[in-house]
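An overview of the molecular structure
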Amino acid sequence: KQEVTQIPAALSVPEGENLVLNCSFTDSAIYNLQWFRQDPGKGLTSLLLIQSSQREQTSGRLNASLDKSSGRSTLYIAASQPGDSATYLCAVTGGSQGNLIFGKGTKLSVKP
Amino acid sequence: GAGVSQSPSNKVTEKGKDVELRCDPISGHTALYWYRQRLGQGLEFLIYFQGNSAPDKSGLPSDRFSAERTGESVSTLTIQRTQQEDSAVYLCASSLVGGYSGTEAFFGQGTRLTVV
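In this text, all values refer to a predicted model and were calculated from it rather than measured experimentally. (Residues numbered from 1 in each chain as written. Chains lettered and ligands numbered in written order. Predicted model: local features only at pLDDT ≥ 70, side-chain atom pairs only at ≥ 80, totals over all residues. Heavy atoms only, no water.)

**Things to note about the overall build of chain A**
- From N to C terminus, chain A includes zero helices and 11 strands.
- The helix and strand sequence of chain A, counted from the amino end, reads β-β-β-β-β-β-β-β-β-β-β.
- The C-alpha atoms of chain A give 13 Å as radius of gyration, which agrees with the globular expectation for 112 residues (13 Å, within 12%).
- Residue burial in chain A is summarised as follows: out of 112 residues, 45% are buried.
- Relative to all contacts within chain A whose residues are 6 or more apart in sequence, the contacts with residues 24 or more apart total 54%.
- A total of about 5,200 Å² of accessible surface is found on chain A, and carbon and sulfur atoms cover 49% of it.
- For chain A, the centre of its 10 positive side-chain charges and the centre of its 8 negative side-chain charges are spaced 5 Å apart. (Helix = DSSP H or I, 4+ residues; strand = E, 2+ residues; numbered from the N terminus. Rg over C-alpha atoms; globule rule 2.2 N^0.38 Å. Buried < 20%, exposed > 50% of the residue type's maximum accessible area, 1.4 Å probe, protein only. Contact = heavy atoms within 4.5 Å. Areas by Shrake-Rupley, 256 points an atom, 1.4 Å probe, with all protein chains shown as cover. Lys, Arg positive; Asp, Glu negative; His and termini not counted. Charge placed at Lys NZ, Arg CZ, Asp CG, Glu CD.)

Below is the structure:
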């Protein structure tokens, strides 16, 4: 059974810092990995999708990498801003049923 | 539609009543997912549809929970005889294709269910 783990569970940084969020998964037979952000009381917003054949994707200040063989992904946020404060979730698609399986998220707080 | 639409946005119901939650996926999206998120918790998978069939409904917590989907369109999640532990935000997502060719998933804003 696929399990997705995100470390750390919470992170607090001063504005302007570069930071890395980690995601690991137990079954490397995934088809893609997706990073989301969730603001309090809101739904999820898709940030980046990495197909299993890709190594990384970039969108603005965000860069996500994927090492499928080791079961790891990182989300790099450059020059963090208070508006980046949210919970960041990663999810993988894979397995015999093709489900979308989530980690528990990393709660990020960027202080002015 | 432009995005995934869920209704109602909020629902307060008395314990023991049945509720129906609706999800309208993005037009043309064949895959549809339901999740439950309790306060301060992560996303708990409920059921996944590919078209109108459900390859994975392993997450439905009890036989009080059921879901159906009409073609590649709207889905309804039904909770019978609601209990207080059913109180949560129910989130729906859709993607162009699920499973082995999984594409980007997009979420609705959720239905906040409160059982009193």
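**A word on the state of the cysteines**
- All chains considered together, the criterion is met by two disulfides over all chains.
- A sulfur-sulfur distance of 1.9 Å marks the disulfide that ties Cys23(A) to Cys90(A). Residues Cys23(A) and Cys90(A) share a disulfide whose torsion about the S-S bond is about 75 degrees; that sign makes it right-handed. Note that Cys23(A) is positioned in strand S3 (residues 19–25) and Cys90(A) in strand S9 (residues 86–94), a separation of 67 residues in sequence.
- A residue is classified by how much of its surface remains accessible, and Cys90(A), at 0% relative accessible area, is buried.
- Linked covalently through their sulfurs, Cys23(B) and Cys92(B) form a disulfide whose S-S length is 1.9 Å. (Disulfide = S-S within 2.5 Å.)

**Quick notes on the sheet that holds strand S1 (residues 4–7) of chain A**
Residue and element names in this part refer to chain A.
- Spatially, S1-S3-S8-S7-S6 is the arrangement adopted by the five strands of the open sheet, whose pairing is antiparallel. Each edge of the open sheet is held by one strand with a lone partner, namely S1 and strand S6 (56–59). Strand-to-strand twist of the sheet, defined as the mean angle between neighbouring strand axes without regard to direction, takes the value 15 degrees.
- Bridging between S6 and strand S7 (residues 62–67) involves four bridges; their strand directions are antiparallel. By the bridge assignment for S7, Ser59 is matched with Leu62. (Pairing = 2+ DSSP bridges. Axes fitted to C-alpha atoms, helices over the stretch in contact; angles between N-to-C directions.)

**Section: the interface of chain A and chain B**
- On the chain B side, the residues contacting the 21 residues of chain A number 19 residues.
- Our count for the contact surface shared by chain A and chain B stands at zero salt bridges.
- Inspection of the region where chain A meets chain B yields four residue pairs in polar contact (both at pLDDT 80 or more).
- Only strand S4 (30–38), strand S5 (44–51), S9 and strand S10 (99–102) of chain A provide two or more residues apiece to the side of chain A that touches chain B.
- When the residues that make up the side of chain A that touches chain B are grouped by side-chain class, the tally is seven nonpolar, 13 polar and one charged. (Salt bridge = Lys/Arg side-chain N within 4 Å of Asp/Glu carboxyl O. Polar contact = N/O pair within 3.5 Å; in protein donor to acceptor, adjacent residues only side chain to side chain. Nonpolar A, V, L, I, M, F, W, Y, C, P; charged D, E, K, R; others polar.)

**Brief notes about the sheet that holds strand S3 (residues 19–24) of chain B**
All names here are of chain B.
- Spatially, four strands are ordered S1-S3-S8-S7 in an open sheet, and the strand pairing comes out antiparallel. If you trace the sheet from one side to the other, it starts and ends with strand S1 (5–7) and strand S7 (65–69), each paired once. Going from strand to strand, the sheet's axes swing by 15 degrees on average, the running direction of each strand aside.
- Here three bridges tie S1 to S3, and the two strands are oriented antiparallel to one another. Among the inter-strand pairings, Ser7 is bridged to a residue of S3, identified as Arg22.

**Points about the packing of aromatic side chains**
- Taken as a whole, this structure holds eight aromatic pairs over all chains when the rule is applied.
- With 5.4 Å between their ring centres and 90 degrees between their planes, Phe36(A) and Phe107(B) make a pair best called edge-to-face. Here Phe36(A), found in strand S4, pairs with Phe107(B), found in strand S10 (residues 105–107), and the two come from separate chains.
- What links up through ring pairs into an aromatic cluster is the set Phe36(A), Phe102(A), Tyr33(B), Tyr35(B), Phe45(B), Tyr48(B) and Phe107(B). (Phe/Tyr/Trp six-rings, centres within 6.5 Å; stacked < 30°, edge-to-face > 60°.)

**Observations concerning the side chain of Ser95(B)**
All names here are of chain B.
- Counting through the fold element by element, Ser95 comes out in strand S9 (residues 88–95).
- Looking at Ser95, the relative accessible area reads 0%, which means it is buried.
- With near-sequence residues (within four places) excluded, Ser95 lies in contact with His29, Thr30, Ala31, Tyr33, Thr103, Glu104 and Ala105.

Honestly, it's all geometry; don't read function into it.
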